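Chains, contacts and geometry: an overview
For reference, the chains in residue letters:
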Amino acid sequence: PIVVVDEQGDVKSVAEAIDQGATDYLVVGEQLEQRVQTCLGKLRGLFEMFARNRKLNVENEQLREVAEPRLKLVGRSKKLDELKHRIRRVANIPRPVLVVGERGTGKELVARAIHDVGGDDERPIVTVNCAAFSDALLESELFGHEKGAFTGADAIRRGKFELADEGTLFLDEIGHMSLSFQQKILRVVEYGSFTRVGGSAELETSARIIAATNADLKKRMRKGEFLRDLYDRLTFEIVRVPPLRERKDDIKVLAQHFLDQFAAEIPAFQGKVLSKSAIDFLLDYRFPGNVRELKNIIERAAYRDVTNEITPEDIGMLSNEEIGFESGNFTEKVDAYQKRLLRDALEKGKGNGAEAARILGISYHQFRYYKKQLLDAK
């Protein structure tokens, strides 16, 4: 704060001082001491506000440091920051959440992050893959059954809704449920009550439901394959997990993370590093299998590498289908293959363009042209 004191003040002088950044303007006179006290009082309040803000910032940072490990989401991209922000916002609201995203994006990891951030570690989280069961088995799996409900039911069995009470029930691949079973889930979501198979007593559950799917539920609703009422009740919040191709800034971080994890699990692979050309190769790939595919690629590349540096050759030992040359149109496939050849040649030539051109059997002028068009293009 800047306070200007003048022998004689006028409107023009005050205006100029304020324009130059003055906080207050005092004129020398009989009441100067009183005016200084008033000014100090205002400044004191301002400094107290600064102190409160600093304290809040410190507390927020401390809370963030506590919450971050619970999120267990690796990366530093803007897309991932937005995802974390949405998780934090909805985590403490006891309402259903629908997590959507392509296969391999980490929908279950997001569901667990919502659960972990939303309360203490003692609360249970129970996962059910809805695509893995027929309707009859899924009903028993979720609701449980009474003794004698069917052949082989020799004892009472508690279902997942009971096991997840006061915690979270994660329903993975909910888009694969039949319409008749969707009706049964709808009743639990709406009223929080259910009946065991073969039973008559109404049981209550306080389990929070988080559902996930890679299916287009809106399209399925239009086809009459998914209940609109169920969709409405599951979507207090929709959390979209972005595909890896929208999180390019996370690829290098995730690749190193998976390499470190693999080395920690199997000490024989410790000390391996990713070469720059290998990272460039990964950055250029579209990852139809997303984060799960990246993890598998890194582990297999580390296994195949016979040195301590993973190169595109180690990654390129995958089949065309595995590394994505089978995806995309003709031009994309050709470009992807040409980029791979250029990077492999540069790697073998230790970054020397003339040597890379010799390896490829083309002129240096041709090599520079292709490199500019395919590798240097933004």
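Just so it is clear, the model here is predicted, and its values are computed rather than measured. (Residues numbered from 1 in each chain as written. Predicted model: local features only at pLDDT ≥ 70, side-chain atom pairs only at ≥ 80, totals over all residues. Heavy atoms only, no water.)

On the surface, a cluster of positive charge is made up of Lys218, Lys219, Arg222, Lys223 and Arg228. Sorting elements by how many residues they give to the positive patch places helix α8 (residues 217-222) first, with three residues. One can find Lys218 in helix α8. Note on Lys218: relative accessible area 48%, which makes it partly exposed. (Patch = residues over 30% accessible without salt bridge, like charges linked within 9 Å, V, L, I, M, F, W, Y side chains within 5 Å. Areas by Shrake-Rupley, 256 points an atom, 1.4 Å probe, with all protein chains shown as cover. Salt bridge = Lys/Arg side-chain N within 4 Å of Asp/Glu carboxyl O. Lys, Arg positive; Asp, Glu negative; His and termini not counted. Charge placed at Lys NZ, Arg CZ, Asp CG, Glu CD. Helix = DSSP H or I, 4+ residues; strand = E, 2+ residues; numbered from the N terminus. Buried < 20%, exposed > 50% of the residue type's maximum accessible area, 1.4 Å probe, protein only.)

Let's shift gears to the packing of helix α11 (residues 276-284) against helix α15 (residues 330-348). Packing of α11 against α15 brings their axes to within 10 Å, and their N-to-C directions diverge by 170°. In terms of axis orientation, α11 runs roughly antiparallel to α15. Only Lys339, Arg340, Arg343 and Glu347 of α15 make contact with α11, whose side of the interface consists of Ser277, Asp280, Phe281 and Asp284. Partitioned by chemical class, the residues of the contact of α11 with α15 number one nonpolar, one polar and six charged. (Axes fitted to C-alpha atoms, helices over the stretch in contact; angles between N-to-C directions. Parallel < 35°, antiparallel > 145°, perpendicular 65-115°, else oblique. Contact = heavy atoms within 4.5 Å. Nonpolar A, V, L, I, M, F, W, Y, C, P; charged D, E, K, R; others polar.)

Another point: unusual backbone geometry. Leaving glycine out, the prevailing phi sign among residues is negative, and the prevailing peptide bond configuration is trans. Of note in this structure, Glu173 is not a glycine but carries a positive phi near 55°. Its place among the elements puts Glu173 in the loop between β7 (168-172) and α7 (179-191). For Lys350, which is not glycine, the phi dihedral falls at a positive 55°.

Here Thr168 is to be found in strand β7. A polar side-chain atom of Thr168 sits 2.7 Å from a polar atom in the side chain of His115. Apart from the residues within four sequence positions on either side, Thr168 is in contact with His115, Arg123, Pro124, Ile125, Val126, Arg208 and Ile210. (Polar contact = N/O pair within 3.5 Å; in protein donor to acceptor, adjacent residues only side chain to side chain.)

Right, let's get into the pattern of salt bridges. With the rule as written, the count across this model stands at 23 salt bridges. Note that Asp284 and Arg343 form a salt bridge whose closest N and O atoms lie 3.9 Å from each other. Of this pair, Asp284 sits in helix α11 while Arg343 sits in helix α15, and the two are 59 residues apart along the sequence. Here Glu299 ties to Lys295 by a salt bridge, and the two come within 3.0 Å at their closest N and O atoms. With a gap of four residues between them, Glu299 and Lys295 both fall in helix α12 (residues 290-304), about one helical turn apart. For Lys295, a relative accessible area of 29% corresponds to the partly exposed category. Here the salt bridges do not stand alone but share partners, grouping Glu146, Arg158, Glu162 and Arg196 into one network.

One finds Leu142, Phe161, Leu169, Leu171, Met177 and Ile185 to be the most contacted residues of the largest nonpolar core, which totals 30 residues. Broken down by secondary-structure element, the contributors of at least two residues to this core are β3 (97-100), β4 (125-129), α5 (135-143), β7, α7, β10 (208-213), α8 and α9 (228-234). Here this core gets five residues from one element, more than from any other, and that element is α7. The contact partners of Leu142, leaving out residues within four places of it in the chain, are Val128, Gly159, Lys160, Phe161, Leu169, Leu171, Met177, Phe181 and Ile185. Leu254, Phe269, Ile279 and Phe281 belong to the second largest nonpolar core, which has 23 residues in total. (Core = buried A, V, L, I, M, F, W, Y, C linked by side-chain atoms within 4.5 Å.)

Taken as a whole, the protein shows an average pLDDT of 87; of its residues, 93% reach a score of 70 or greater. A low-confidence stretch, residues 317-324 (pLDDT under 50), is modelled with 17 contacts involving residues beyond four sequence positions or located in other chains. (pLDDT = per-residue confidence, 0-100.)

Here the focus is the packing of aromatic side chains. Under the definition given, this model contains eight aromatic pairs. On the numbers, 5.9 Å between centres and 20° between planes, the contact of Phe143 with Phe194 is stacked. Taken together, the residues Phe143 in helix α5 and Phe194 in strand β8 (residues 193-194) connect sequence positions 51 residues apart. Phe194 matches Phe143 in its accessibility class, with the two residues each being buried. Counting every residue linked through ring pairs, the aromatic cluster contains Phe143, Phe161, Phe181 and Phe194. (Phe/Tyr/Trp six-rings, centres within 6.5 Å; stacked < 30°, edge-to-face > 60°.)

Here we come to the environment of Tyr369. You can see Tyr369 is positioned in helix α17 (residues 364-375). Judged by its relative accessible area of 46%, Tyr369 is partly exposed. Counting along the chain gives 289 residues from Tyr369 to Leu80, while the straight-line C-alpha distance between them is 36 Å.

Right, let's get into the environment of Leu254. On the secondary structure map, Leu254 appears in helix α10 (residues 248-265). Considering only alpha carbons, one finds Leu254 and Ala215, 39 residues apart in sequence, at a separation of 25 Å.

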